[in-house]
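Fold and contact review
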Amino acid sequence: MASRRVTFRGWACRVERAHYGGTGRIALPLYALEDGSPVAVATLHMPELALAADEVIIKDYRENEGLLDTLVAAGLVSAPLRVVPSGYITRYICRCLL
């Protein structure tokens with residue numbers, strides 16, 4: 001399993017490339033380097049949305065606000081390829097580079 005380090009909201013984290021069970025879609029969970037506890041999950045699992053095998057849906061609102069910029073700056077995901085608005089939030093479709 002591939003991983004890379006980033007700092008998100010003051011947390012030193014390890015970002016792992018994992019998969020959502022059943023669909024094989026990419027998941028990007030973040031774990032604290034200090035003790036391995038979960039910090040965030042950068043991706044959303046929405047099987048109803050059509051995605052290429054290397055694309056992910058990034059959650060960049062609420063507790064994940066700023067995570068898109070962090071992942072792009074670290075070279076873990078591309079800049080958004082397209083956006084999916086939903087009510088008051090926007091989901092970002094990016095290419096996973098991890």
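My aim in this report is to walk through the structure given alongside it, one point at a time. Position numbers for residues count from 1 along each chain, tracking the sequence in the order it is written. Selection of residues for local features in this predicted model requires a pLDDT of at least 70, selection of side-chain atom pairs for listing and counting requires 80 or more, and totals for whole chains, interfaces and linings are taken over all residues. With hydrogens and water set aside, each side-chain value is computed from the structure's full complement of heavy atoms.

Looking at the sheet that holds strand β9 (residues 89-95)
By definition, the strands of a sheet pair up through backbone hydrogen bonds, in either a parallel or an antiparallel sense. Cut-off, in case you're wondering: Here a strand pair is declared whenever DSSP counts at least two bridges between the two strands. Secondary structure elements are taken from DSSP: a helix is a run of H or I of four residues or more, a strand is a run of E of two residues or more, and numbering for both begins at the N terminus. Convention adopted: a line fitted to C-alpha atoms gives each axis, helices being fitted over their contacting stretch, and angles between N-to-C directions are expressed from 0 to 180 degrees.
Pairing is antiparallel in the open sheet, where 3 strands are placed in the order β7-β9-β8. Either end of the sheet is taken by a strand with one partner, and the two such strands are β7 (55-59) and β8 (82-86). Neighbour-to-neighbour, the strand axes of the sheet open up by a mean angle of 30 degrees, direction not taken into account. Judged from the 5 bridges that link them, β8 and β9 form a sheet pairing that is antiparallel.

A closer look at the sheet that holds strand β1 (residues 3-8)
The sheet built from 4 strands is open, its strands ordered β1-β2-β5-β6 with antiparallel pairing. The sheet is open, and its two borders are formed by β1 and β6 (38-41), each paired with just one other strand. Neighbouring strand axes in the sheet, compared pairwise and without regard to direction, differ in orientation by 30 degrees on average. For strand β2 (residues 11-16) and strand β5 (residues 29-32), the ladder comprises 3 bridges, and the chain directions are antiparallel. Its bridge partner lying in β5, V15 is registered against L30.

None of this, on its own, says anything about what the molecule does.
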